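# Observations on chain architecture
Chain residues, written in single-letter form:
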Amino acid sequence: AQTVTQSQPEMSVQEAETVTLSCTYDTSENNYYLFWYKQPPSRQMILVIRQEAYKQQNATENRFSVNFQKAAKSFSLKISDSQLGDTAMYFCAFMKYNNDMRFGAGTRLTVKP
Amino acid sequence: DTEVTQTPKHLVMGMTNKKSLKCEQHMGHRAMYWYKQKAKKPPELMFVYSYEKLSINESVPSRFSPECPNSSLLNLHLHALQPEDSALYLCASSQDMDVRVDYFYEQYFGPGTRLTVT
């Protein structure tokens, strides 16, 4: 079974600064996808970024980037120039071939003005 | 249109009631999902439908009965629930995976139905 671990239950960052959220996973699969989802207090889950395991290049989406270390089974999310609207619960997620997606416990991020 | 809609937004039901949750998408997605999310916890997968066929059932109690009448609609029928079933129920949809090239697609989530069982 796949497990996803987020070891930081809560984090805070000052507006305009950079923060990194950690995620590790365990799997015996060779092909899989990793995602970071954001769930603001209004509760709708929004995709932040995705990473294909077969790609060595780290994914980036504007202020969001990942550091994907396949051998170490690590998938961290870096948020640059943090904004107040980034305040949310962030979930790391692992998906394998049959649309089976599993989430980590989440990291609650607070961006302070 | 990248929206997944869910109705109702809130539902309070007694343990002897029968109710249904509804989820709809018009993005042409062929995979649809039900998740259960307790407060301050991650979503837990309940069911996956692929091309209107149930492909994953995560050993969910039979008091939860999913139904996928067509590719745009997903229902969750509720009967004889327990207070511990109170949670946020999330629906999601995605393109089904492309087995030819081993490509998976991200899921789009609805806003959820907040269910309270009294």
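Whatever comes next refers back to the structure up there.
Residues numbered from 1 in each chain as written. Chains lettered and ligands numbered in written order. Predicted model: local features only at pLDDT ≥ 70, side-chain atom pairs only at ≥ 80, totals over all residues. Heavy atoms only, no water.

## A closer look at the overall build of chain B
When you go through chain B residue by residue, the secondary structure sums to zero helices and eleven strands. N-terminal to C-terminal, the α/β element order of chain B is β-β-β-β-β-β-β-β-β-β-β. Over its C-alpha trace chain B gives a radius of gyration of 14 Å, about what one expects of a compact globule, namely 13 Å for 118 residues. For the C-alpha atoms alone, the extent of chain B along its principal axes is close to 45 × 30 × 30 Å. Taking as baseline every contact in chain B between residues at least 6 positions apart, the subset at least 24 positions apart corresponds to 56%. With an accessible surface of roughly 5,800 Å², chain B has 49% of that area assigned to carbon and sulfur atoms. In chain B, 13 side chains carry a positive charge and 13 a negative one; their mean positions are 9 Å apart. (Helix = DSSP H or I, 4+ residues; strand = E, 2+ residues; numbered from the N terminus. Rg over C-alpha atoms; globule rule 2.2 N^0.38 Å. Contact = heavy atoms within 4.5 Å. Areas by Shrake-Rupley, 256 points an atom, 1.4 Å probe, with all protein chains shown as cover. Lys, Arg positive; Asp, Glu negative; His and termini not counted. Charge placed at Lys NZ, Arg CZ, Asp CG, Glu CD.)

## Quick notes on the interface of chain A and chain B
Interface size is commonly expressed as the accessible area that is lost once the parts come together. At the interface, 26 residues of chain A touch 30 residues of chain B. Taking both partners together, chain A and chain B bury about 2,200 Å²; carbon and sulfur atoms supply 52% of that area. Per-residue buried area on chain A facing chain B is highest for A:Arg43, A:Gln44 and A:Asn99; these three make up 29% of the total on that side. Here A:Arg102 and B:Glu58 are joined by a salt bridge, their closest N and O atoms 2.8 Å apart. Every element with two or more residues in the side of chain A that touches chain B is listed here: strand E5 (33-39), strand E6 (46-52), strand E10 (88-95) and strand E11 (101-103) of chain A. Within the side of chain A that touches chain B, the residues separate by chemical class into 13 nonpolar, six polar and seven charged. (Buried area = accessible area lost by both parts, 1.4 Å probe. Salt bridge = Lys/Arg side-chain N within 4 Å of Asp/Glu carboxyl O. Nonpolar A, V, L, I, M, F, W, Y, C, P; charged D, E, K, R; others polar.)

## Topic: the sheet that holds strand E7 (residues 64-70) of chain B
All names here are of chain B. Read from one edge of the open sheet, four strands run E1-E3-E8-E7, paired in antiparallel fashion. Looking along the sheet, the strands with just one partner apiece sit at the ends: strand E1 (4-7) and E7. Mean inter-strand twist for the sheet, computed between neighbouring axes without regard to direction, equals 20°. Where E7 and strand E8 (residues 73-79) come together, five bridges link them in antiparallel fashion. Paired with Asn70 across the two strands is Leu73, which belongs to E8. (Pairing = 2+ DSSP bridges. Axes fitted to C-alpha atoms, helices over the stretch in contact; angles between N-to-C directions.)

## Description of the pattern of salt bridges
Oppositely charged side chains are able to pair whenever their charged atoms sit close together. For the structure on display, the rule yields ten salt bridges over all chains. A:Asp26 is the partner of A:Lys73 in a salt bridge, and the nearest nitrogen-oxygen pair spans 3.6 Å. With a gap of 47 residues between them, A:Lys73 in the loop between strand E8 (64-69) and strand E9 (74-79) and A:Asp26 in strand E4 (residues 24-26) connect regions that are remote in the sequence. For A:Glu52, the salt bridge is made with A:Arg50, and the minimal N-O distance between the two is 3.5 Å. A:Arg50 carries the same exposure label as A:Glu52, and that label is buried. The network of salt bridges with shared partners includes A:Arg50, A:Glu52, A:Lys55 and B:Glu106. (Buried < 20%, exposed > 50% of the residue type's maximum accessible area, 1.4 Å probe, protein only.)

## Side note on empty space enclosed by the protein
Residues and elements named next belong to chain B. Following the criterion strictly, the structure yields one cavity of 30 Å³ or more and no others. One number sums up the size of the largest cavity: a volume of about 40 Å³. Of all the elements in the fold, those that place two or more residues in the lining of the largest cavity are strand E4 (31-37) and E7. (1 Å grid on protein atoms, 1.4 Å probe; cavity = no way out; pocket = protein on both sides within 12 Å on 5 of 7 lines; lining within 4 Å. Points joined across faces, edges and corners; volume = space filled by probe spheres on them.)

## A closer look at the state of the cysteines
Inspection of the entire model under this criterion finds two disulfides over all chains. Here A:Cys23 connects covalently by a disulfide to A:Cys92, the sulfurs 2.0 Å from one another. Sign of the S-S torsion, about -70° for the bond between A:Cys23 and A:Cys92, identifies this disulfide as left-handed. A residue pair is termed long-range when its members are at least 10 positions apart, and A:Cys23 in the loop between strand E3 (19-21) and E4 and A:Cys92 in strand E10 qualify at 69 residues. Among the residues examined, A:Cys23 registers a relative accessible area of 2% and is labelled buried. A:Cys92 gets classed as buried once you look at its relative accessible area, which sits at 0%. In this model B:Cys23 forms its disulfide with B:Cys91; the gap between the sulfur atoms is 1.8 Å. (Disulfide = S-S within 2.5 Å.)

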